[in-house]
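# Coordinates in review
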Amino acid sequence: MSHRPIIALDLPSKEAVADFLAKFPKTESLYVKVGMELFYQEGPEIVRWLKAAGHSVFLDLKLHDIPNTVEHAMKGLAKLGVDMTNVHAAGGIKMMESAKRGLEAGKDEGCPTPVLIAVTQLTSTSEAEMHHDQLIEVSLKESVQHYAKCAETAGLNGVVCSAQEVALIKEKTSSSFVCLTPGIRPSGSDAGDQKRVMTPAQAAEIGSNYIVVGRPITQAEEPYQAYLTIKKEWNGEK
Ligand code: C5P
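In this report, the structure presented in the accompanying data block is examined. (Residues numbered from 1 in each chain as written. Predicted model: local features only at pLDDT ≥ 70, side-chain atom pairs only at ≥ 80, totals over all residues. Heavy atoms only, no water.)

### Notes on unusual backbone geometry
- If you check the backbone angles, K62 has positive phi at about 50 degrees while not being a glycine.
- The backbone of L135 sits at a positive phi, close to 55 degrees, despite the residue not being glycine.
- Take L135: it is sitting in the loop between α6 (127-134) and α7 (140-153). (Helix = DSSP H or I, 4+ residues; strand = E, 2+ residues; numbered from the N terminus.)

Rendered as structure tokens:
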């Protein structure tokens, strides 16, 4: 099966999601990202509903709490059937190990453990802010690499990062460690508020393993066509 771009469902309600998904053929199994906005409005039911419709779900809640709490929260998220979820690497190696244990404990028997990735430094954080707010004295690049190494040590599958960070992360981690990159724009489209964007083809070229695409699909006049074009470009098809 060719790789599916992950569609960021940055929409305010289940109704808005239903309207959006109605523009796709019913048989098309999508990979969607549910973030805080939608999850905190609609609760766990939104995940069950998407899964029942045959879609894969990346639940982007970026957990960051004491290991025990994260472990139990992850157990619950695995029971929902999420395919991928994430934590903040700043929570520490023990917290990340607990997150993974929770997912393994909560998943259905016979199902794979959900993919678990870490946020290193948020891409909204500047180097100056990191020095000032977090009192981290190394460069932003070193901090991102260090957090990626911690995630790998804890047994996580990979990290969320900007496409510009993929090379430096791959430099320090094993070949199976994955990078998921948002900030993707098909050639010729509007970057919106994203500062540094890459096309799906460029993301594939630099070794990104998953791409997240929101507005170029959700705001397109013909979302299904936009999706297919991005998917083709991502898979290197003409
Ligand atoms: O609409 P757009 O394609 O810009 O959406 C990108 C998605 O990826 C959004 O859900 C956004 O919150 C998320 N994201 C991002 N940059 C990051 C981390 C997450 O754009 N560094």
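That was the structure; now back to the text.
### Thoughts on the packing of α6 against α7
- Viewed as axis vectors pointing N to C, α6 and α7 meet at an angle of 70 degrees, and their least axial separation amounts to 9 Å. Between α6 and α7, the angle is such that the two are roughly perpendicular. On α7, the residues that touch E127, M130 and Q134 of α6 are L140, K141, S143 and Y147.
- Residues of the contact of α6 with α7, tallied by class, amount to three nonpolar, two polar and two charged. (Axes fitted to C-alpha atoms, helices over the stretch in contact; angles between N-to-C directions. Parallel < 35°, antiparallel > 145°, perpendicular 65-115°, else oblique. Contact = heavy atoms within 4.5 Å. Nonpolar A, V, L, I, M, F, W, Y, C, P; charged D, E, K, R; others polar.)

### Some details on the packing of aromatic side chains
- All chains considered together, the criterion is met by five aromatic pairs.
- On the numbers, 5.7 Å between centres and 70 degrees between planes, the contact of F24 with Y224 is edge-to-face. On the criterion of sequence distance, the pair formed by F24 in the loop between α1 (14-21) and β2 (31-35) and Y224 in helix α11 (residues 223-234) is long-range, its members being 200 residues apart.
- Overall, F24 belongs to the buried group, its relative accessible area being 7%. (Phe/Tyr/Trp six-rings, centres within 6.5 Å; stacked < 30°, edge-to-face > 60°. Buried < 20%, exposed > 50% of the residue type's maximum accessible area, 1.4 Å probe, protein only.)

### Description of the pattern of salt bridges
- Scanning all chains against the criterion turns up eight salt bridges.
- The salt bridge partner of K100 is E104, with a shortest N-O separation of 3.9 Å. Taken as a pair, K100 and E104 lie in helix α5 (residues 93-106) at a separation of four residues, close to a single helical turn.
- On the basis of relative accessibility, which here comes to 27%, the residue K100 falls in the partly exposed class.
- E104 gets classed as partly exposed once you look at its relative accessible area, which sits at 37%.
- Residues participating in the shared-partner salt-bridge network are K33, D60 and K62. (Salt bridge = Lys/Arg side-chain N within 4 Å of Asp/Glu carboxyl O.)

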